[in-house]
Amino acid sequence: MARVAVVGTGLIGGSVGLALSALGYDVAGFDRDEARLTRAKELGAITEAAASLDDAVAGAELVIVAVPVGGIAAAVVAALDAGAAVVTDVGSVKKTVVAEVERQRPDASARFVGGHPMAGSEQDGVDGADASLFVGATWTLTPTANTDERAYTLVMRVIRELGADVVSVAPDHHDELVAFVSHVPQLAASTLMDVATTNEEDRRTLMRLAAGGFRDMTRIAAGHSAIWPDILTTNREAVLGALDAYLAALARVRDHIAAGERDELLAILERARVRRRNLPASALMAKDLVEMRIPVADQPGAFAEVTNLAGRLGVNLVDFEVAHSSEGERGVVVLVVAAAEAPAFEAGLHELGYRSSKTDLA
């Protein structure tokens, strides 16, 4: 594949463009902000500054939409209308975006694969773009029963070229999860920073006393704030649910402190310590791989069920394809996964009624 279009040339779009350009792709960029588009060209984030979205899409085998969440659905629809072969996006909210694209363009939406890289920076705009931003990061894809598996395969393989690992989950499940791991942490960091520095008299002394714990917890409060109201209101339901759970947990901690319940406090702190230490440092590639072949009904939705199961179980998809039968009734999903993750995945497949075979690739 020679040509990719990037719609939106800010931090994430610029980072995608830098990485693809370094890999030898022809990257056509479009941005409504002409100054930002010009700067992206100067920095090498794009190889061509397109005058319109249609010009950027023309001849591109993949279009990556990297605009703010509120404008993603419209940009995806515009790209599909312009004849884009395959479209993906990088927004941190998926349910409403995917549903809106399917509502507006039910016939063309199969060529859209919702996506979200779990990567970012405190830097703003294309000047903060980094070609290595996605190396070792997790990149979520959100296929539905309507998604074309060839579009999914293309998007997944380009993402892996950027150095990211792919996790596949349903759009609504994605939004519930990122509310906990991204959206509420942003609110917690920003709110703590705001509360701690409210008193003008104490602010200077507090900043001098701020040690590693405070700085670590509030680091993301220094990020680009303008994108967050859009994200938080678009994912309102999931964010409110996560906030309610967090506030209830904080209230319980407060009650334990008020009652002097040392054992209960220690249990919470120890449980959190163990779970935090078990977080992977990065999504590293396993050395031992297996190929799994899963017969499925040759119809829309079957591959999404299989890939989303992998996402729920935390199975990293190293490779993916669907082999169609000549009769058109059955197909075979072919996946490459880490050998250590295969048994749990196989058990989950069996629970869903699928049978699989596997071959060691080591």
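Residues numbered from 1 in each chain as written. Predicted model: local features only at pLDDT ≥ 70, side-chain atom pairs only at ≥ 80, totals over all residues. Heavy atoms only, no water.

S.K.: Just to check I follow, could you spell out the overall build of the chain for this structure?
M.R.: From N to C terminus, the chain includes 14 helices and 12 strands. For the chain, the C-alpha radius of gyration of 22 Å lies close to 21 Å, the compact-globule estimate for 362 residues. Here the C-alpha coordinates of the chain stretch approximately 70 × 55 × 40 Å along the principal axes. For the chain, the residues scored as buried account for 43% of the 362 residues in total. Pairs at least 24 apart in sequence give 73% of the contacts found in the chain among residues at least 6 apart. When the accessible surface of the chain is totalled, it reaches about 18400 Å², and 53% of it is carbon and sulfur. Each charge class in the chain was averaged separately, 33 positive and 50 negative side chains, and the resulting centres sit 5 Å apart. (Helix = DSSP H or I, 4+ residues; strand = E, 2+ residues; numbered from the N terminus. Rg over C-alpha atoms; globule rule 2.2 N^0.38 Å. Buried < 20%, exposed > 50% of the residue type's maximum accessible area, 1.4 Å probe, protein only. Contact = heavy atoms within 4.5 Å. Areas by Shrake-Rupley, 256 points an atom, 1.4 Å probe, with all protein chains shown as cover. Lys, Arg positive; Asp, Glu negative; His and termini not counted. Charge placed at Lys NZ, Arg CZ, Asp CG, Glu CD.)

S.K.: What am I meant to see in a nonpolar patch on the surface here?
M.R.: A surface patch of nonpolar side chains, about 360 Å² in accessible area, is lined by Met217, Tyr246, Leu247 and Leu250. Among the elements that take part in the nonpolar patch, helix α11 (residues 236-258) stands out by supplying 3 residues, more than any other. (Patch = residues over 30% accessible without salt bridge, like charges linked within 9 Å, V, L, I, M, F, W, Y side chains within 5 Å. Salt bridge = Lys/Arg side-chain N within 4 Å of Asp/Glu carboxyl O.)

S.K.: Sorry if this is basic, but what is going on with the pattern of salt bridges here?
M.R.: On inspection of all chains with the given rule, the structure shows 14 salt bridges. We note a salt bridge from glutamate 48 to arginine 3, for which the minimum N-O separation is 2.9 Å. Here the residue glutamate 48 occupies a position in strand β3 (residues 48-49), and arginine 3 occupies one in strand β1 (residues 3-7), the gap between them amounting to 45 residues. Glutamate 48 sits in the partly exposed class, given a relative accessible area of 28%. Aspartate 81 is the salt-bridge partner of arginine 105, the closest N and O atoms lying 2.8 Å from each other. Of the two residues, arginine 105 is situated in the loop between α5 (95-104) and β6 (112-117) and aspartate 81 in helix α4 (residues 69-81); the sequence distance between them amounts to 24 residues. A residue is classified by how much of its surface remains accessible, and arginine 105, at 28% relative accessible area, is partly exposed.

S.K.: Would you explain the pairing of strand β2 (residues 26-30) in this entry?
M.R.: Regular strands place side chains that alternate from one sheet face to the opposite one. Burial within β2 is extensive, with 4 of its 5 residues counted as buried. Direction of pairing for β1 relative to β2: parallel, over a ladder of 5 bridges. Bridging from a neighbouring strand, alanine 5 pairs with alanine 28 of β2. For the crossover from β2 across helix α2 (residues 34-43) to β3, the handedness is right-handed. (Pairing = 2+ DSSP bridges. Right-handed = clockwise from strand over helix to strand, strands pointing away.)

S.K.: Help me understand the environment of serine 92 in this model?
M.R.: With respect to the helices, strands and loops of the structure, serine 92 is situated in the loop between β5 (87-89) and α5. Taking the C-alpha atoms as reference points, serine 92 and glycine 114, separated by 22 residues in sequence, lie 9.8 Å from one another. Not counting the four nearest positions on each side in its chain, serine 92 is found in contact with Val69, His116, His174, Asp175, Val178, His183 and Ile231. Of note is the side chain of serine 92, whose polar atom sits 3.4 Å from the side chain of histidine 183. (Polar contact = N/O pair within 3.5 Å; in protein donor to acceptor, adjacent residues only side chain to side chain.)

S.K.: It is not clear to me how the packing of aromatic side chains should be interpreted in this structure. Could you clarify?
M.R.: The description of an aromatic ring pair rests on the distance of the ring centres and on the angle between the ring planes. For the structure on display, the rule yields 4 aromatic pairs. Judged by centre distance (5.1 Å) and plane angle (50°), the ring pair of phenylalanine 134 and tryptophan 139 falls under tilted. For phenylalanine 134, a relative accessible area of 0% gives the class buried. Under the relative-accessibility criterion, tryptophan 139 is labelled buried at 2%. In this structure an aromatic cluster arises from ring pairing among Tyr152, Phe303 and Phe320. (Phe/Tyr/Trp six-rings, centres within 6.5 Å; stacked < 30°, edge-to-face > 60°.)

S.K.: Help me out: how do you make sense of the sheet that holds β3 in this one?
M.R.: Hydrogen bonds between backbone atoms are what pair the strands of a sheet, whose relative direction is either parallel or antiparallel. Spatially, 8 strands are ordered β3-β2-β1-β4-β5-β6-β7-β8 in an open sheet, and the strand pairing comes out mixed. Because the sheet does not close on itself, it has two edges, and the strands there are β3 and β8 (165-168). Pairing of β6 with strand β7 (residues 138-142), which is carried by 4 bridges, proceeds in the antiparallel orientation. Along β7, the bridge assignment pairs proline 117 with tryptophan 139.

S.K.: Please clarify how the packing of α4 against α5 should be interpreted in this entry.
M.R.: The geometry of a pair of packed helices is captured by two quantities: the angle between their axes and the separation between those axes. The N-to-C vectors of α4 and α5 enclose an angle of 35°; their axes lie 9 Å apart at closest approach. The handedness of the crossing between α4 and α5 comes out as right-handed. Here Val69, Ile72, Ala73, Val76, Val77 and Leu80 of α4 come into contact with α5, specifically with Val97, Glu100, Val101 and Gln104. The class makeup of the residues in the contact of α4 with α5 is 8 nonpolar, 1 polar and 1 charged. (Axes fitted to C-alpha atoms, helices over the stretch in contact; angles between N-to-C directions. Left-handed = near helix turned anticlockwise from the far one by under 90°. Nonpolar A, V, L, I, M, F, W, Y, C, P; charged D, E, K, R; others polar.)

Any link to function would need more than the numbers given here.
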